[in-house]
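# Fold and contact review
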Amino acid sequence: MGRAYIGGMAESRFDGWTAAHYARLWPELFEPSLVEATTDFLAGLAGGGAALEFGVGTGRIAIPLSRRRIPVYGIELSAAMIRELRAQPGSDAVTVSLGDFATTTVDGSFSLVYLLRNTITNLTTREEQAQAFRNAAGHLGAGGRFVIENYVPVPAESPRLFADTGQHRGVEVYDVGKQIAVSHHTWILDGEVHTYASAHRYVGTAELDDMARAAGMSLRERWADWQRGPFTDTSPAHISVWQARVDLSRPGTAEND
Ligand SMILES: C[S@@+](CC[C@H](N)C(=O)[O-])C[C@H]1O[C@@H](n2cnc3c(N)ncnc32)[C@H](O)[C@@H]1O
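Rules and cut-offs
Residues numbered from 1 in each chain as written. Predicted model: local features only at pLDDT ≥ 70, side-chain atom pairs only at ≥ 80, totals over all residues. Heavy atoms only, no water. Salt bridge = Lys/Arg side-chain N within 4 Å of Asp/Glu carboxyl O. Buried < 20%, exposed > 50% of the residue type's maximum accessible area, 1.4 Å probe, protein only. Near = heavy atom within 4 Å. Polar contact = N/O pair within 3.5 Å; in protein donor to acceptor, adjacent residues only side chain to side chain. Nonpolar A, V, L, I, M, F, W, Y, C, P; charged D, E, K, R; others polar. UniProt positions renumbered as here; feature names shortened; annotations may be inferred. Helix = DSSP H or I, 4+ residues; strand = E, 2+ residues; numbered from the N terminus. Contact = heavy atoms within 4.5 Å.

Scanning the model with the defined rule gives 12 salt bridges in all. Glu-207 is the salt-bridge partner of Arg-201, the closest N and O atoms lying 2.8 Å from each other. With respect to class, Arg-201 is no different from Glu-207; both count as buried.

Contacts to the ligand come from 21 residues, most closely from Tyr-22, Glu-53, Gly-55, Arg-60 and Glu-76. Here an oxygen atom of the ligand and a side-chain polar atom of Glu-76 are 2.5 Å apart. Broken down by class, the residue content of the shell around the ligand amounts to 8 nonpolar, 7 polar and 6 charged.

This part takes up the UniProt feature "domain: Methyltransferase" (unreviewed entry) in the chain. Under the present numbering, the feature "domain: Methyltransferase" (unreviewed entry) in UniProt falls on residues 52-144. Along residues 52-144 one finds 29% helix and 26% strand; the C-alpha atoms at either end are 11 Å apart.

This brings us to the environment of Val-193. Along the chain, the position of Val-193 falls in strand β9 (residues 192-201). Residue Val-193 is classed as exposed on the basis of its relative accessible area of 55%. Sequence-wise, Val-193 and His-21 are 172 residues apart; in three dimensions their C-alpha atoms are separated by 13 Å. The contact partners of Val-193, leaving out residues within four places of it in the chain, are Thr-186, Trp-187 and Ile-188.

What follows is the structure in structure tokens.
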């Protein structure tokens, strides 16, 4: 699920129905062991500092992270997702701004900015994705970390069936020339059929590293999962951690640059 592919104007596809059913549509995201491992990982990187989630959604991770005494902020494009977040106990601790995480800014300096569940691909041009890296870097204090959780794209035969349960059928169609995958979803929930399509700009680790470097950050860690399992050639997904320059007054002083 992402935003509409309308050539640069941000518009979230996370409408009222999707927001209200988010936890039922993707129950695997709410597995307590996954939520705990994600929260542990992010809390460790935040240290005592503040954290900012791009595409904070219903607060699946932001709320448990805020319970670790970390000030948590979020940027979210969908008013419906923010309404769902506000219905969750403990959401008062999360400060949310309505806007596009490629361009929206939040006051303050953060030790951690993070972007979960392939949400970078909701930005459908390279320039917008690069803008999100610059926006993340602009929010980080010296040595702060930017984390992205994303799948490793394998442009396959098109169309590709990626979900086929009684409740959910998902078919992805690739436009390799434009580096776009359009996901077509059909959900059957409570006897009702819901269909929608969302466009994603799939992006690999090398290109993400380029965008990070251009934004003044360098790669510090790359893992296959939140338990820090090794990332290999066959890993289907990655968790990448880039670090902002240690001395923000001197361009090009990122460690490892
Ligand atoms: C897959 S959901 C993930 C939600 C939450 N981060 C989580 O892990 O449960 C993606 C979220 O990002 C939001 N989103 C997508 N594109 C966005 C953009 N350009 N700016 C802000 N939010 C965006 C969607 O509205 C949605 O709430």
